[in-house]
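As a plain string of letters, each chain reads:
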Amino acid sequence: MPSTNMSAAPTTLHIDRARKRSELLGSPETVLLLEAPAGMGKSILLVQLAEELGVGVHRSASAPPDSGALITLWDVPPGSAPDPLPEACISGARRIIIAKRPETVLPSLDRATVYGRVRCFGVPELLIGRDELRQTMPTRLAERVFRQSHGWPILLGRSGTDDETLARFLANELMAPMHGGELVALAVWLDGGTAPSPDDGLLTLLDPVRPALRRALAAEIADRRTHPERAAELATAYARQGLVTDAITTWQSIGSFDDALAVYAAAGGRFYLYRHGAAAFDQALAGFPTEYALGNDTLVMSLAMQALKHGEVARARRLLADRFGSGINDFHSVFTHREKYSTDLLAFRVVMLIYEDYQLTDLLFEQVFDTLGDLPLDDHIVRGSFYNSVLEFYIRGRRLAAAEDVAQRALYHYEQAKVPMLAFYISLHQALIRLLTGDAINARRHAEQAARYLHAVSFDSPGDERLLGLLEACIDYEGGKPEPLARFLSTELDDFVHGEIWPSLIEFALHYGSQALSEHFSTIAARNFLDRWRVYQVSNRQFGLMIELREAAILQNANRWQEAAEKVAALATRITRAWVAAAGEELERLKDRDEIVQAMIWLRHIVYEQPTRPHLERQLGHIIGNLNLTGRQRLCAEVWLAFVYKRQRNLSRARALLQKVFEDAARLGAIAPLAEERVFLSELIEQQRIGEYLEISAPVRQVLRRLRDGGLPNSALGAQNGLSRRETKVLLMISEGSSNKFIANALGLSEATVKFHLSNAYRKLGCTRRREAISAARALGLVG
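Residues numbered from 1 in each chain as written. Predicted model: local features only at pLDDT ≥ 70, side-chain atom pairs only at ≥ 80, totals over all residues. Heavy atoms only, no water.

On a plain count of helices and strands, the chain comes out with 48 helices and five strands. Scored against the burial criterion, the 784 residues of the chain give a buried share of 55%. Pairs at least 24 apart in sequence give 66% of the contacts found in the chain among residues at least 6 apart. As displayed, the chain offers around 33400 Å² of accessible surface, 51% of which is attributable to carbon and sulfur atoms. (Helix = DSSP H or I, 4+ residues; strand = E, 2+ residues; numbered from the N terminus. Buried < 20%, exposed > 50% of the residue type's maximum accessible area, 1.4 Å probe, protein only. Contact = heavy atoms within 4.5 Å. Areas by Shrake-Rupley, 256 points an atom, 1.4 Å probe, with all protein chains shown as cover.)

Pasting the structure below:
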């Protein structure tokens, strides 16, 4: 069997191609062209023909002389510029078989083609078929070799060739002649894409050597990036294929930063992050020299956004001040004198507000909205981001109807701009708005839309996948299914806490995460969770206050009322217990999110300690009438009011209001807000007339069942152990370290009465000392 090794090629198994030689010799055309890339066995086939015919092979760029032989064999060297085809071959007076690469141009070949003298044998014709293999080896071996090689000659017998040798060969023989566009097409194909290529059929055959091809391609590209002209060709090809990050970094590798910036700006500029992903955004920015980047508006805003995404607000402010002057960080001044700044910078400044500790007044809202008129109507991504930023402030201010409106506007613009990542964030916020209103059913609809947008994103975004996972788990939790959220907090919490999310979403994470951990793990677990967020946003006042208030609510849920009161009392705000105790219509006029939460914590505390306090039901009516309350908050306040009615022996009003609360919860699919009010609901449901009344309604029965499945006791723990309500409350307060005098003042009793209730509690629990009673309370689950 004839065998000729290709120079510089890996060792291959050469097959006697008698059938292919017969086909060539029997062809009527006078010019037979073996045209294929390296590795297809063209030269070997010419050698076998030469041995059969007893002639030589002409290996030169010059045209072969007329030797008088019946057939001339011409092997055109790769990369050469061959002479024109001899006239005798064009006219049909002389037969010739030519082997050449596809990129090699042979003058006069077109004329011979027009005359019908040419037959071309390309990749499909040069493949080695099963039958040819069976003629040279056993059938089973032939089948195995064919499966490994797909009939490509260079892959025959590849078991004796190491991958590095094959990679070098592919780089030298297959890739070196390729122009930039072909190399990029090959890269796309290797990544599973469908970039057009003149040799798609050949590339499909290269599946068995993908790893070697990948290494060869990397080596070839690295080499070309060291030559400015070839690198420029490569960068242009990358840009045409939409591989803009590769185009940018290739321009940067040869110092063509203006060209790199042009591609960056055209591919999104400061929105590059949302079109191409965080990794690509960071890589593109890293390639610009510091001095160059700090001298360009677009790059400075991009670097500021990068800093914001990493929680470095101070660095972002410094970057803007160095480029645009210190006045850029005075928000009031910027929007009062907005003629000094470009519309793009003003739009970015609005986005940056989200990360800063600003509270927008109505006047500032007007000034911000005035800038909208300066933005082009068709600049959809900028207009969408403007509405996106305003959305955040509407949610913070609990202006949820306005928030829903601007969310729809932002979504429209992001869809027009074709940026699914930003549309995902809007759907996420729409779901959050629904959760705030207590509407878990429509929250799920928005979460499903968010999932569709995220699926349409072309790059990996694990942080956003976690965020969607948390949202879906919280919606399940809201509907009374704690398992998904408990699982998320057990497996994803560390990565989630250290990720970057927007402020309103942090509030959402704080609330649901701490509630789930306190109810299904422990109070300690919930407080540890909040401590992690303290570290994350230590410098931001709004987050610090939010965390303190949430911790107070967790302590209340754990029956650690005095500790909760001390924590809230330590906050330097105007909403003190005294202010709340004296407030009337002022409660209805509260607007600030954190002030509302603080007022409700104090009201909850007062309801627990002094439910028969004069005018308490009127105060609760005022807070329930506050239009800035979320739906969840209103449900909770109505539970407190029902509890107050019950303690005031107005059972008719208590059961009617509680029925309304439960029917609203059933309609909205909102079980979680009620679950946090177990301390009040247990006593309400335990009352026979109220419990029997509630059982009449099917939706209410469903809510009751789900609450009990989630841990709502059928009767109060204190009553189960023979303790009266007053004895239970006094026991809880001494567990928190309260003195008899403090308890007497808090409950409006004399110290002698407090001692009487304590002695009864000691007797019923079998205790003789205060410390023993506290230990018993913890063992019974009365204290968290």
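We are not done yet, so read on.
Under the counting rule described, the total for this entry stands at 36 salt bridges. The partner of Glu87 in a salt bridge is Arg111, and the shortest N-O contact between them spans 2.9 Å. Separated by 24 residues along the polypeptide, Glu87 in helix α3 (residues 87-91) and Arg111 in helix α4 (residues 109-114) bring together distant segments of the chain. You can call Arg111 partly exposed: its relative accessible area is 36%. As a salt-bridge pair, Glu563 and Arg527 come within 3.2 Å of each other at their nearest N and O atoms. Of the two residues, Glu563 is situated in helix α33 (residues 561-569) and Arg527 in helix α31 (residues 523-536); the sequence distance between them amounts to 36 residues. (Salt bridge = Lys/Arg side-chain N within 4 Å of Asp/Glu carboxyl O.)

Next up on the list: the confidence of the model for the chain. Taken residue by residue, the chain gives an average pLDDT of 84. The fraction at 70 or more is 87%. This model gives residues 1-11 a pLDDT under 50, and the stretch forms 26 contacts once residues within four places in sequence are excluded. The low-confidence segment residues 712-717, where pLDDT is below 50, has 14 contacts with residues more than four positions distant or belonging to other chains. (pLDDT = per-residue confidence, 0-100.)

With the rule as written, the count across this model stands at 12 aromatic pairs. For the ring pair Phe424 and Tyr425, a centre distance of 5.5 Å and an interplane angle of 55 degrees mean the geometry is tilted. On the basis of relative accessibility, which here comes to 10%, the residue Tyr425 falls in the buried class. Connected via pairs of aromatic rings, a cluster forms that spans Phe257, Tyr264, Tyr272, Phe288 and Tyr292. (Phe/Tyr/Trp six-rings, centres within 6.5 Å; stacked < 30°, edge-to-face > 60°.)

Here the focus is the nonpolar core. Formed by 133 residues in total, the largest nonpolar core has its most connected members in Tyr264, Tyr272, Tyr274, Phe424, Leu471 and Leu485. Tallying contributions element by element places helix α25 (residues 420-436) first for this core, with 12 residues. When sequence neighbours within four positions are dropped, the list of residues in contact with Tyr272 reads Val244, Thr245, Ile248, Tyr264, Ala267, Gly277, Ala280, Phe281 and Ala284. The next biggest cluster of nonpolar side chains, apart from the first, holds 61 residues, and it includes Val580, Leu629, Cys636 and Leu707. (Core = buried A, V, L, I, M, F, W, Y, C linked by side-chain atoms within 4.5 Å.)

Of all five residues making up strand β3 (residues 71-75), five are buried, and the element is well covered by its neighbours. Side-chain alternation along β3 places Ile71, Leu73 and Asp75 on one buried face and Thr72 and Trp74 on a second face that is also buried. Across two bridges, the pairing between strand β2 (residues 57-58) and β3 is parallel. Looking across to β3, one finds that Val57 is bridged to Leu73. Relative to strand β4 (residues 95-100), β3 is paired through five bridges, and the arrangement is parallel. (Pairing = 2+ DSSP bridges.)

In spatial order, the strands read β2-β3-β4-β1-β5; together these five strands make up an open sheet with parallel pairing. Looking at the sheet topology across the chains shown, the edges are occupied by β2 and β5 (118-121). Against the sheet, helix α2 (residues 42-53) engages β1 (31-35), β2, β3 and β4, with an angle of about 150 degrees to β3. (Axes fitted to C-alpha atoms, helices over the stretch in contact; angles between N-to-C directions.)

Below, the discussion takes up the packing of helix α12 (residues 228-240) against helix α13 (residues 244-253). Packed helices, taken two at a time, are described by their axes: the angle between them and the distance between them. The contact between α12 and α13 brings their axes to 7 Å, and the two run at 160 degrees. With respect to their mutual orientation, α12 and α13 come out roughly antiparallel. Here α12 and α13 pass one another in a crossing that is left-handed. Contact residues: Ala231, Ala232, Leu234, Ala235, Thr236, Tyr238 and Ala239 in α12; Asp246, Ala247, Thr250 and Trp251 in α13. Classifying every residue of the contact of α12 with α13 gives eight nonpolar, two polar and one charged. (Parallel < 35°, antiparallel > 145°, perpendicular 65-115°, else oblique. Left-handed = near helix turned anticlockwise from the far one by under 90°. Nonpolar A, V, L, I, M, F, W, Y, C, P; charged D, E, K, R; others polar.)

Glancing now at the packing of helix α9 (residues 180-190) against helix α11 (residues 210-224). Remark: α9 packs on α11, axes separated minimally by 11 Å, with the N-to-C direction vectors making an angle of 145 degrees. As for the relative orientation of α9 and α11, their crossing is left-handed in sense. Listed contacts from α11 to Gly180, Leu183, Leu186, Ala187, Trp189 and Leu190 of α9 are Arg210, Leu213, Arg214, Leu217, Glu220, Ile221 and Arg224. In the contact of α9 with α11, the residues fall into eight nonpolar, one polar and four charged.

A few words now on helix α41 (residues 678-686). Counting buried positions over the nine residues of α41 gives seven, a clear majority of the element. Within the sequence span of α41, burial applies to Arg678, Phe680, Leu681, Ser682, Glu683, Leu684 and Ile685.

Look at Lys418: it is not a glycine, yet its phi comes out positive at around 60 degrees. Here Lys418 shows up in the loop between α24 (400-417) and α25.

Another point: the environment of Met175. Inspection of the secondary structure puts Met175 in helix α8 (residues 163-175). Look at Met175 and you get buried, because its relative accessible area is 0%. In sequence terms Met175 and Glu220 are 45 residues apart; their C-alpha atoms lie 7.2 Å from each other.

Note that Gly56 resides in the loop between α2 and β2. Overall, Gly56 belongs to the exposed group, its relative accessible area being 54%. Taking the C-alpha atoms as reference points, Gly56 and Ala69, 13 residues apart in sequence, are found 9.9 Å from one another.

A few words on the side chain of Arg270. Considering the arrangement of structural elements, one finds Arg270 in the loop between α14 (257-266) and α15 (272-276). Among the polar contacts made by the side chain of Arg270, one reaches the side chain of Asp344 at a distance of 3.1 Å. With residues near it in sequence (within four places) discarded, Arg270 still touches Tyr264, Thr298, Met301, Ser302, Asp344, Ala347, Phe348 and Val382. (Polar contact = N/O pair within 3.5 Å; in protein donor to acceptor, adjacent residues only side chain to side chain.)

Counted at 1.5 Å a residue, the expected span for helix α39 (residues 651-668) with its 18 residues is 26 Å, and the 26 Å between its end C-alpha atoms agrees. The set of residues buried in α39 consists of Leu651, Ala654, Leu657, Leu658, Gln659, Val661, Phe662, Asp664, Ala665 and Leu668. Downstream of α39 by a residue or two, Gly669 has a phi angle that is positive, lying close to 70 degrees. (Expected span 1.5 Å × (residues − 1).)

Let's shift gears to the environment of Pro611. If you trace the backbone, Pro611 turns up in the loop between α36 (593-609) and α37 (616-624). Exposure remark for Pro611: the relative accessible area of 5% places this residue in the buried category. Measuring from C-alpha to C-alpha, the distance between Pro611 and Arg647 comes to 6.4 Å, with 36 residues separating the pair along the chain. Among residues more than four places away in sequence, those in contact with Pro611 are Ile606, Leu616, Phe643, Val644, Arg647, Gln648 and Lys729.

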